[in-house]
Amino acid sequence: MNFGDFGDKGLIFDIKRDSSEDGPGIRTTVFFKGCPLSCIWCQNPEGKKLLPEPDVHGNQIGTWYSIDELMYHLLQDKPFFETSGGGVTLSGGEATLQMEFSSKLLQALKREGIHTALETSGFFPYLKFKEKMLPWLDLIYFDLKLIDETESKQYCGRSNKTVLENFTQLLADAQIPVIPRIPLIPGITTTEENLKGIAAFLKQHGVKSCALMPYNPLWLGKLKKLGITTRYENSRFMTASEQNACADYFIK
Ligand code: SF4
């Protein structure tokens, strides 16, 4: 897996304006194409491949941007960021997979005084991330999915060792908030064993809060558009009581 190959161009599959879920204030979220993991429930399946690709209608998914081109779009929202305390969030896919471009983008945003956030799977080369991205980030949302290594390989395609090590290292190094996020995937991440294990891991590292992300089945429509079949066919939203039962593991 090569990280940061493209340098001057970034491969982006969406830019979402007016987002209120990806950090404080009104935000614009940039979705980077390509992810080193392959979670069977991935809500952004069009973001997995590190290549432009057509959907079933022949429309191209993935556009190459230079920093200037991307900043031209993002700066149009600057007044909204300033009045709401918002900013730009790098998401995906996995923005750290395009490390050189992400680094340049973050630096360009900070030169404009814009708040920056990252949503990450936590799977990245730590020292490079620390040098290239961490200095220009204001907030990190860090996914913790599965505490068991075998299950991580089974459902996300890779060991969780790097993810857990990176999280631990970030807690020691980062001078900014690092917020763990746990996707609630019924039957996979919501098992008692997994949630208890993540809760114990967070407690062991002195982390007092985390965000739970309830399962959203709307991604199944995207799969059809992409012509992809999945091993996880759950079309039901989680009930409030199911969500509360998961939260109970983290409330002390
Ligand atoms: S880490 Fe996120 S973007 Fe990557 S495959 Fe998993 S759910 Fe999808």
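Residues numbered from 1 in each chain as written. Predicted model: local features only at pLDDT ≥ 70, side-chain atom pairs only at ≥ 80, totals over all residues.

What follows covers the environment of G23. Position of G23 among the secondary structure elements: in the loop between strand 1 (9–19) and strand 2 (27–32). Residue classification places G23 among the buried residues on the basis of 24 C-beta atoms within 10 Å. Once the C-alpha coordinates of G23 and N166 are considered, the two residues, 143 residues apart in sequence, prove to be 21 Å apart. Once you skip the residues sitting within four places of it in the chain, G23 turns out to touch G87, T89, A117 and L139. (Helix = DSSP H or I, 4+ residues; strand = E, 2+ residues; numbered from the N terminus. Buried ≥ 20, exposed ≤ 12 C-beta atoms within 10 Å, placed from the backbone. Contact = placed C-beta atoms within 7 Å.)

The full set of residues close to the ligand is C35, L37, S38, C39, C42, N44, G47, K48, G92, G93, E94 and S121. In terms of residue class, the shell around the ligand is built from four nonpolar, six polar and two charged. (Near = placed C-beta within 6 Å. Nonpolar A, V, L, I, M, F, W, Y, C, P; charged D, E, K, R; others polar.)

Helix length check: helix 6 (residues 161–173), at 13 residues, gives a terminal C-alpha distance of 18 Å against a target of 18 Å (1.5 Å per residue), a fit within 8%. All buried positions along helix 6 are accounted for by V163, N166 and F167. Burial along helix 6 is one-sided: seen end-on, the buried residues are contained in an arc of 100 degrees. For helix 6, the exposed residues lying more than 90 degrees away from the buried face are K161, E165 and A172. Residues of helix 6 that are buried in the fold lie against helix 4 (126–132) and strand 8 (139–143). (Expected span 1.5 Å × (residues − 1). Arc of directions from axis to C-beta.)

In this section: the nonpolar core. One finds I12, V30, F32, C39 and L118 to be the most contacted residues of the largest nonpolar core, which totals 48 residues. No other element matches helix 3 (residues 99–111), which puts five residues into this core. Excluding residues within four positions of it along the chain, C39 makes contact with K145, Y155 and C156. (Core = buried A, V, L, I, M, F, W, Y, C linked by C-beta atoms within 7 Å.)

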